[in-house]
Amino acid sequence: MSTSDAAGLGGGFTGRHGLLGDDALRRANEILGSLEARGLETVRLVFADQHGVLRGKTVVASALKSAFREGMAITSTLLLKDTSHRTVFSVWEKEAGHGVGALTGAGDVMLVPDPATFRVLPWSPHSGWILCDVYFKDGTAFPFGSRTILRNAVDRLAKAGMAMVCGLEVEFYVFKIDQPRLNHGDGGMPATPPETSLLSHGYQYLTEARYDALETVMDELRRACQALGLPVRSMEAEFGPSQCEFTFEPAGPMDHADAMMLFRSTVKQVCARQGLHATFMCRPKVDNGMASGWHLHQSVVDTGSGKNLFVPNPDGSLSTAANGWIAGLLDHAVESCLLTTPTVNGYKRYQAYQLAPDRIQWGRDNKGAMIRALMAPGDRASRVENRIAEPAANPYFYFASQILGGLDGIERKLVAPPAVEKPYDNTATALPKSLIAAIEAFEKAGFYRDAIGTDFVDYLAHIKRAEWDRYLMTVSEWEQREYFSLF
């Protein structure tokens, strides 16, 4: 037994398959040795599913050692569900989501905790929290696991001698809960949403009065984030009524994808304990509402020198890396939409003159363009901001799409088209208008079949088609108003 593994974790499932390295074992032993001193009673073992939703099991603190050593079994159907929590593959057939027999029969897969993600939840201080990766029982990683997809993309960029640096701007809503809708008839798949009202009026962007109206909630969220070690930079009152925005300091893509998962969970849970409803839904169906976006600032550095490769040339022209990265993001924007904007609702944000993109283009410090370039010669913070995503996106898939698309542009030596100044008055290619258009583009294009794999493309498209089919077969309020009296 090594000195870094006093608890003997290396002899179990995770040790036999080499799933926890020396640093992870050392950290796991430190965590186990601190549980009693921290007063922890339970630990939440969670993983990010295909939708970027946290799922998992809670164990008593004394059982964490077993989870580190042997993993934690969970039902494999969690990997096969759409956003209504319905299993959309037939688990009794040979082909059940991934490979012949791999997930057939609704058997178990294994969660392996990542000690580096361990936190104590400030709003539930007897509770630990830890992110996990998903493995099959033979110790191989579930290939469509959210963190696995991003990890592979990060590794591919690293092999090219580069690393991504990113910063987050995330918009969301916080409302009062007037009626939680907890009658028996409200507990369906999905459940009836709560009835809500505002915390503050909107369309007074960045006024101190609006921030003050939201400050109590902002403070609770900020304090929780800071206690968790999340790199909060600013809190803002956004355009919409009761709409908020948090921004975060730059970090690596895996760190920020993990942070986004923890942030969304923190916001929803802290608010719920105060009788509030927080939502990262892109365009909630509320009067006078405005769509929420998720803007991803990104640059690429040389891993050898640490140099920011997006700093422009002395004459202000794009660097070679920035040129290729922007061109790659634009070239793959349509087929990437399923990863950046994965819900039916998200496509209702792509509207002209709403400070959101509706077509594929880039501009210099232009908030109507999909890609906003924030660059100047000598500015070490030079970067691009992709404004395409909705805040409900799976962060691992979103970040992977940026890395893979941008790297492809660099490797193919693509050249970005001229920057636009009038983003809503030109003939640039439009972004997809619906989820089904994004699904079809994702399936048809060969890029992600090559970059991630055909099985992943078919798996994710199948799940999202199930979501679209349910939406399509639901009679809308528009149809009822349009036709019920007319015909």
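Residues numbered from 1 in each chain as written. Predicted model: local features only at pLDDT ≥ 70, side-chain atom pairs only at ≥ 80, totals over all residues. Heavy atoms only, no water.

## Re the environment of Arg-27
- Topologically, Arg-27 is positioned in helix H2 (residues 22-38).
- Relative accessible area serves as the criterion here: at 28%, Arg-27 is assigned to the partly exposed category.
- C-alpha of Arg-27 to C-alpha of Phe-118: the two residues are 91 residues apart in sequence and 9.3 Å apart in space.
- What Arg-27 contacts, discounting residues up to four positions off in sequence, is Pro-115, Ala-116 and Phe-118. (Helix = DSSP H or I, 4+ residues; strand = E, 2+ residues; numbered from the N terminus. Buried < 20%, exposed > 50% of the residue type's maximum accessible area, 1.4 Å probe, protein only. Contact = heavy atoms within 4.5 Å.)

## Some points on the side chain of Gln-243
- Tracing the backbone through its elements, the reader meets Gln-243 in strand S10 (residues 243-248).
- The exposure class of Gln-243 is buried, given its relative accessible area of 1%.
- Of note is the side chain of Gln-243, whose polar atom sits 3.3 Å from the backbone oxygen of Ala-291. (Polar contact = N/O pair within 3.5 Å; in protein donor to acceptor, adjacent residues only side chain to side chain.)

## Regarding the nonpolar core
- The biggest cluster of nonpolar side chains holds 139 residues, and the ones touching the most others in it are Phe-263 and Tyr-459.
- Sort the elements by how many residues they give to this core and helix H6 (residues 253-272) lands first, with ten residues. (Core = buried A, V, L, I, M, F, W, Y, C linked by side-chain atoms within 4.5 Å.)

## As for the layout of surface pockets
- What the second largest pocket holds in volume is close to 770 Å³.
- Contributions of two or more residues to the lining of the second largest pocket are made by strand S7 (162-179), strand S9 (232-237), S10, strand S12 (294-302), strand S14 (371-374) and strand S15 (383-389).
- Looking at the lining of the second largest pocket, the element that brings in the most residues is S7, giving six residues. (1 Å grid on protein atoms, 1.4 Å probe; cavity = no way out; pocket = protein on both sides within 12 Å on 5 of 7 lines; lining within 4 Å. Points joined across faces, edges and corners; volume = space filled by probe spheres on them.)

## Focus: helix H8 (residues 333-340)
- Counting buried positions along H8 yields seven of eight residues, so the element is predominantly enclosed.
- Along H8, the positions that sit buried rather than exposed are Ala-333, Glu-335, Ser-336, Cys-337, Leu-338, Leu-339 and Thr-340.
- Residues of H8 that are buried make contact with helix H7 (320-331), S15, helix H9 (395-411), helix H10 (435-444), helix H11 (447-451) and helix H12 (454-472).

## Quick look at the pattern of salt bridges
- Across all of its chains, the model carries 27 salt bridges by this definition.
- As a salt-bridge pair, Arg-151 and Asp-133 come within 3.5 Å of each other at their nearest N and O atoms. Taken together, the residues Arg-151 in helix H4 (residues 146-159) and Asp-133 in strand S6 (residues 127-135) connect sequence positions 18 residues apart.
- Among the residues examined, Arg-151 registers a relative accessible area of 29% and is labelled partly exposed.
- Where Asp-219 meets Arg-222, a salt bridge forms, and the shortest distance between an N and an O atom there is 3.3 Å. Of the two residues, Asp-219 and Arg-222 both sit in helix H5 (residues 208-227), three residues apart, roughly one turn of that helix. (Salt bridge = Lys/Arg side-chain N within 4 Å of Asp/Glu carboxyl O.)

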